[in-house]
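In case you want the letters, here they are:
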Amino acid sequence: MTEEFRAAFQRVLDTAAEQAPGFPAAVHDVFRLSSQVPQEELAVAMEALAPVLSDCEPVAGIAADLAVLAGALVEAGAPAGQVGLEVLRQLGSYGQAAAAFMHAWDKTGGGAPPHPGEVGEAEEQRVEEVLGENAPLATVGWWTCLRYGLAAKAMLGDSRVRAAVRADSGALESLSQIVHALSTRLPEFTEVGELLKMAEADSALVLDRASWRAFRVRFDGIGDNFQLHTLLADALIGKEGQRLPGTRPDPRWTAACLDGAPDPLADVVRGEWDLVGGDGTWVGNEACPADIPFVDGERVLVLEPQTLAHSWRAGRRHAHIPGSLTIVEELHPDEATGWWSRMHPAGSVRHPLAPAIEHGDTGAHRPPRHFGVAAHFEEVDAGPLSSTFPALEPDDLSDGLPGGLPQEASPGGPWAEAYPREAVGWADDPAPRPEPRVEPQIEAWPLVERAPDPWPAVEPEPEPRGYIPPDDGRPPGAHLVPPLPPGVSDSWAWAPHWKWPPPPGPAPSP
């Protein structure tokens, strides 16, 4: 089978270079045999395809078909390598021409453009009014763009291709703009745009508000912040992580965000934080890591306490791409403090759908948002104390009584030495207390002293509670109903004849 695959692939290379009529049949044979050969053989084929794909770019139809074939080999397990970068480069070239076709189409009457596979001479003549001599290239770009889009989606599934694209920020931005324009007419390019956003970010500085600690993390294959949130919770919370406070995610949630399939019995993930940018803007879970803002040249994400409970389905947005996240380092406390000095104040950024905190609202009337898991309460300012004394310092309470000061304590009382005026904060001129109400004195009756009993009193047995039937010799319960007529209670015939057999002996006369 390997030899047959090699022969078929060699025919693809030869017919593509010669633009021979046998090219489609050779491509079909490679498609058929690619799933039956080892991945090492596919990798060798991809290396041989790279120069041929570059040379065939002027022949749009052959180049687009070779791109689709390369995408199929990548999905079968071959590394994308240089072919992946060449496919993305040609997508940028033909995609720009396709965007020009879309623009000219809108200028010449609008309406839905034809499907890329159905464009022809009539459509080329229509856009020629706007594009002039560039109309043929624009029409060819529209004709091939969908095939390049399918190939690019497969290539961006390779982490090495994403890393190479990320290294050239200018080319990445240009290609992202072209793909975004095409996605307005061709929904197949929506996922290509998402994969380019995935390639845009691979690291961030994460600050945890509860502990004031900071970590640099590196990640890959993260399609959205739902996935990032889950993997951060797994890497940071508890003794298995970096000992941050919180509830660790279910291992099945984490597996579904790495490379496993979602477990139907554990497919709802509960959030742990609000995700806020280092510049004080809301980020949230619906965005992706590329949306985390830059602060001083570094993406900075702040993990804030939840202001609104949220949950989502476990898994990866792009299921064919495995995810990963590692802690690169924890910042020294002094460096972390420097970053915190540039962050927004605590509680200043809340979930867009979180209810506003009204003045004086303590939240006591609302139940915990995560009953049974972790109760998160809103931080509210209760305002100044109504008493005239300042708050006690912790050191002043170290030797005090657990129940606090006695209610009748006064500056001159027995507690004055243990609690001086400065510690408890008595006012110099306390407000006058109301005069106590004087109750009339009532002379008590004289008590008659009696000698103690020589023997301890024997407590009587408690009387039984409830109704006590009389002890008249009748069966229990007989006193609750009236007596039966004479002879009935001794007769066997009061029940149906099939229920009880008659007693032995002659039957009694009626």
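Thresholds applied
- Residues numbered from 1 in each chain as written.
- Predicted model: local features only at pLDDT ≥ 70, side-chain atom pairs only at ≥ 80, totals over all residues.
- Heavy atoms only, no water.
- Helix = DSSP H or I, 4+ residues; strand = E, 2+ residues; numbered from the N terminus.
- Buried < 20%, exposed > 50% of the residue type's maximum accessible area, 1.4 Å probe, protein only.
- Contact = heavy atoms within 4.5 Å.
- Areas by Shrake-Rupley, 256 points an atom, 1.4 Å probe, with all protein chains shown as cover.
- Core = buried A, V, L, I, M, F, W, Y, C linked by side-chain atoms within 4.5 Å.
- Axes fitted to C-alpha atoms, helices over the stretch in contact; angles between N-to-C directions.
- Parallel < 35°, antiparallel > 145°, perpendicular 65-115°, else oblique.
- Left-handed = near helix turned anticlockwise from the far one by under 90°.
- Nonpolar A, V, L, I, M, F, W, Y, C, P; charged D, E, K, R; others polar.
- Salt bridge = Lys/Arg side-chain N within 4 Å of Asp/Glu carboxyl O.
- Arc of directions from axis to C-beta.
- Phe/Tyr/Trp six-rings, centres within 6.5 Å; stacked < 30°, edge-to-face > 60°.
- Lys NZ or Arg CZ within 6 Å of the ring centre and 35° of its normal.

Our next topic: the overall build of the protein chain. Looking only at helices and strands, one finds 14 helices and 8 strands in the protein chain. Residue burial in the protein chain is summarised as follows: out of 510 residues, 38% are buried. In the protein chain, 70% of the contacts between residues at least 6 apart in sequence involve partners at least 24 apart. As displayed, the protein chain offers around 31,300 Å² of accessible surface, 56% of which is attributable to carbon and sulfur atoms.

Our next topic: the nonpolar core. Counting 68 residues, the largest nonpolar core has Phe 9, Leu 66 and Val 83 as its most contacted members. Apart from the residues within four sequence positions on either side, Val 83 is in contact with Met 46, Leu 49, Ala 50, Leu 53, Ala 70 and Met 155. By size, the runner-up hydrophobic cluster in this structure holds 26 residues, among which are Phe 215, Val 283, Ala 287 and Leu 303.

Where helix α1 (residues 2-18) contacts helix α2 (residues 23-33), the two axes come as close as 8 Å, and the packing angle between them is 150°. For the element pair α1 / α2, the angle class is roughly antiparallel. As α1 runs across α2, the sense of the crossing is left-handed. Judged by residue contacts, Glu 4, Phe 5, Ala 8, Phe 9, Arg 11, Val 12, Thr 15 and Ala 16 of α1 engage Phe 23, Ala 26, Val 27, Asp 29, Val 30, Arg 32 and Leu 33 from α2. Of the residues in the contact of α1 with α2, the class split is 10 nonpolar, 1 polar and 4 charged.

Within the structure shown, the criterion is met by 28 salt bridges. Glu 41 is the partner of Arg 6 in a salt bridge, and the nearest nitrogen-oxygen pair spans 2.5 Å. Residue Arg 6 is found in helix α1, and its partner Glu 41 is found in helix α3 (residues 39-55); the two are separated by 35 residues along the sequence. Where salt bridges share partners, they join Glu 4, Arg 11, Asp 29 and Arg 32 into one cluster.

Turning next to helix α13 (residues 333-340). Note: α-helices contain 3.6 residues per turn, so residues at a spacing of three or four share the same orientation. Considered for burial, the residues of α13 that qualify are Ala 336, Trp 339 and Trp 340. Within α13, the buried residues cover an arc of 100° as seen down the axis, which keeps them to one side. The elements touched by buried residues of α13 are β1 (203-208), β2 (213-220), β5 (294-295) and β6 (298-305).

This part takes up the packing of α1 against helix α4 (residues 60-75). Where α1 contacts α4, the axes come no closer than 11 Å and their chain directions differ by 160°. The orientation of α1 relative to α4 falls into the category roughly antiparallel. Here α1 runs over α4; the crossing is left-handed. Contacts from Phe 9, Val 12 and Ala 16 in α1 reach Ile 62, Leu 66, Leu 69 and Leu 73 in α4.

Moving on, we come to the packing of aromatic side chains. Scanning the entire structure with this criterion turns up 6 aromatic pairs. With 5.1 Å between their ring centres and 20° between their planes, Trp 212 and Trp 340 make a pair best called stacked. Within this pair, whereas Trp 212 is found in the loop between β1 and β2, its partner Trp 340 is found in helix α13, the two being separated by 128 residues in sequence. Judged by relative accessible area, Trp 212 falls into the partly exposed class, the value being 47%. Since its relative accessible area comes to 4%, Trp 340 is described here as buried. Residue placement shows Arg 126 over the ring face of Trp 105; its charged tip is 3.6 Å from the ring centre. One Lys or Arg, Arg 147, reaches over the ring of Trp 143 and ends 4.7 Å from the middle of that ring.

Glancing now at the environment of Lys 153. Relative to the assigned elements, Lys 153 resides in helix α7 (residues 135-155). The sequence separation of Lys 153 and Thr 190 amounts to 37 residues, and the corresponding C-alpha distance is 10.0 Å. The contact partners of Lys 153, leaving out residues within four places of it in the chain, are Glu 191, Val 192, Leu 195 and His 320.

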